[in-house]
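Listed below are the residues making up each chain.
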Amino acid sequence: MQFIFMGPPGAGKGTQAQILAASWKIPHISTGDILRACVVAQTALGQKAQAYMDKGELVPDELLMDIVAERLKEPDAAAGWILDGFPRTVPQATFLDKLLHELSGKGAANTGLKAVNLDVPDDILVARLLSRGRKDDNEETIRRRLQVYREQTEPLISFYGDRHQLVAVDGDRAMAEVTAHLQQELAGS
Ligand code: AMP
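The structure reproduced in this document is the subject of the present report. Fair warning: this is a prediction, and the values are worked out from it, not measured in the lab. (Residues numbered from 1 in each chain as written. Predicted model: local features only at pLDDT ≥ 70, side-chain atom pairs only at ≥ 80, totals over all residues. Heavy atoms only, no water.)

What about helix α7 (residues 139–153)?
So, step 1. Compared with the 21 Å implied by 1.5 Å per residue over 15 residues, the 20 Å span of α7 between its first and last C-alpha is a close match.
So, step 2. If you check which residues of α7 are buried, you get Thr 141, Ile 142, Arg 145, Leu 146, Val 148, Tyr 149 and Thr 153. Axial view of α7: buried residues confined to an arc of 160°, hence all on one face.
So, step 3. Those residues of α7 that are buried lie in contact with α3 (44–55), β4 (114–119), α6 (122–132) and α8 (155–162). (Helix = DSSP H or I, 4+ residues; strand = E, 2+ residues; numbered from the N terminus. Expected span 1.5 Å × (residues − 1). Buried < 20%, exposed > 50% of the residue type's maximum accessible area, 1.4 Å probe, protein only. Arc of directions from axis to C-beta. Contact = heavy atoms within 4.5 Å.)

Observations concerning the pattern of salt bridges
Charged atoms that come close allow side chains of opposite charge to pair.
So, step 1. Under the definition given, this model contains 12 salt bridges.
So, step 2. Where Asp 136 meets Arg 145, a salt bridge forms, and the shortest distance between an N and an O atom there is 3.9 Å.
So, step 3. On the accessibility criterion, Asp 136 (12% relative accessible area) is buried.
So, step 4. The exposure class of Arg 145 is buried, given its relative accessible area of 12%.
So, step 5. Of the charged contacts, one joins Glu 154 and Arg 150 as a salt bridge, the two residues approaching to 2.7 Å between their closest N and O atoms. (Salt bridge = Lys/Arg side-chain N within 4 Å of Asp/Glu carboxyl O.)

Topic: the pairing of strand β3 (residues 81–84)
So, step 1. Here β3 shows a buried face lined by Trp 81 and Leu 83 and a second buried face lined by Ile 82 and Asp 84.
So, step 2. Across four bridges, the pairing between strand β1 (residues 2–6) and β3 is parallel. Residue pairing for β3: Phe 5 is matched across the bridge by Asp 84.
So, step 3. Of the strand pairs in this sheet, strand β2 (residues 28–30) and β3 are connected by three bridges, and their pairing is parallel. Counterpart to Ile 29 in the pairing with β3 is Leu 83. (Pairing = 2+ DSSP bridges.)

Read these as geometric descriptors, not functional statements.
Written out as structure tokens, the structure reads:
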């Protein structure tokens, strides 16, 4: 069970990833959570990442790669995982491919990876994010994060679509309905 949860900020990917990971007893790995913990702990990485996060920009790819490589090598990740918020750029997706290839010793196309995209219209996203109240959830940063998503992360939809690894799900529904749909779509992966 190897899942990537994509989708614009506010699509509900974090919530869904958390629920499904608990139900399947696999780790929920959120690069946003890991980065926020580094910021709180004032590690060197946290200090570098903070300015990007506060502005709604992506943290440079090279700062993410070690974090993800180390996390996926932990023993609890052997049976599967949900990656929430990674990859967010094509270079990150290419890096993940190589990493999985290395970890599995098989062809990257055989790792069973599925990329879930939760689709939600922009006006709903902005309303949801404004009500969430996280530090990077002010209107200016929200608009920047949506723009960054469209420019840098959306190309991953065709990246995984071309490889028949994409599962597109309508995220503009009640939370429990989306969860039930995902359970059904991803069961047996
Ligand atoms: P999230 O909690 O997934 O919304 O992430 C919060 C912020 O952390 C993002 O706006 C980025 O600044 C940063 N971030 C998280 N994951 C990544 C990633 N894969 N690549 C670059 N920046 C990231």
